[in-house]
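Here is how the chains run, residue by residue.
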Amino acid sequence: MNGCLRLPYQPIAAPLMGATTVQKGTFHPITMNGREVYKFAVNRVPEVIKKALFRAELTADDIDWLVLHQANQRILDAVADRLGVPSERVVSNMTNHGNTSAASIPLALDDVVRAGQVESGDVIATAGFGAGLTWGSAIFQWG
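## Structural notes on helix α2 (residues 73–83)
Reasoning step 1: Ile75, Leu76, Ala78, Val79, Ala80 and Leu83 are the residues of α2 that are buried.
Reasoning step 2: Here the buried face of α2 lies against α1 (34–55), β5 (65–68), β6 (90–91), α3 (94–97) and β7 (123–130).
Reasoning step 3: Of the residues flanking the start of α2, the one acting as N-cap is Asn72, its side-chain oxygen 3.0 Å from the backbone nitrogen of Arg74.
Reasoning step 4: Following α2 by one or two positions, Gly84 has its phi on the positive side, about 75°.

This is the structure we're talking about:
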């Protein structure tokens, strides 16, 4: 996915003692193409969840809670729609916390656990993406 997230780097050759040169440089601000990140997330996240469900010998109907990286509500809604998971089983804490990066899945899970919504035996599907547009998923049973 070229162009989703960019961290421009300007290399500068710097002479060192002797005949050797070292590459130095300057990083420039990170930029993001939101439309491409959205496309990436709504395609890859459902795919990785389906693969994890297959390995666990489960289907999307078995999911009690869908806990995703809290990037934005549109992504949460689109992923749930593609998996056929009803909105009442999708954890969203975007209005309370916003995008908390790598902490978003544990924070979202903590919110529903503390609220007493997650019960022993519930199947929880998680998926995250970020940091150079890597992605992953885990399926587990609570309790």
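## Brief notes about the pairing of β5
Reasoning step 1: Here β5 shows no split at all, with Trp65 and Val67 on one side and Leu66 and Leu68 on the other all buried.
Reasoning step 2: One ladder, built from 4 bridges, connects β5 with β7; its direction is parallel. Counterpart to Val67 in the pairing with β7 is Thr126.
Reasoning step 3: Strand direction decides the pairing type here: β5 and β6, joined by 2 bridges, are parallel. From the neighbouring strand, Leu66 faces β6, where its bridge partner is Val90.
Reasoning step 4: Traced from β5 through α2 to β6, the parallel crossover comes out right-handed.

Analysis parameters
Residues numbered from 1 in each chain as written. Predicted model: local features only at pLDDT ≥ 70, side-chain atom pairs only at ≥ 80, totals over all residues. Heavy atoms only, no water. Buried < 20%, exposed > 50% of the residue type's maximum accessible area, 1.4 Å probe, protein only. Helix = DSSP H or I, 4+ residues; strand = E, 2+ residues; numbered from the N terminus. Contact = heavy atoms within 4.5 Å. Polar contact = N/O pair within 3.5 Å; in protein donor to acceptor, adjacent residues only side chain to side chain. Pairing = 2+ DSSP bridges. Right-handed = clockwise from strand over helix to strand, strands pointing away.

Any functional reading would require information beyond the geometric quantities listed.
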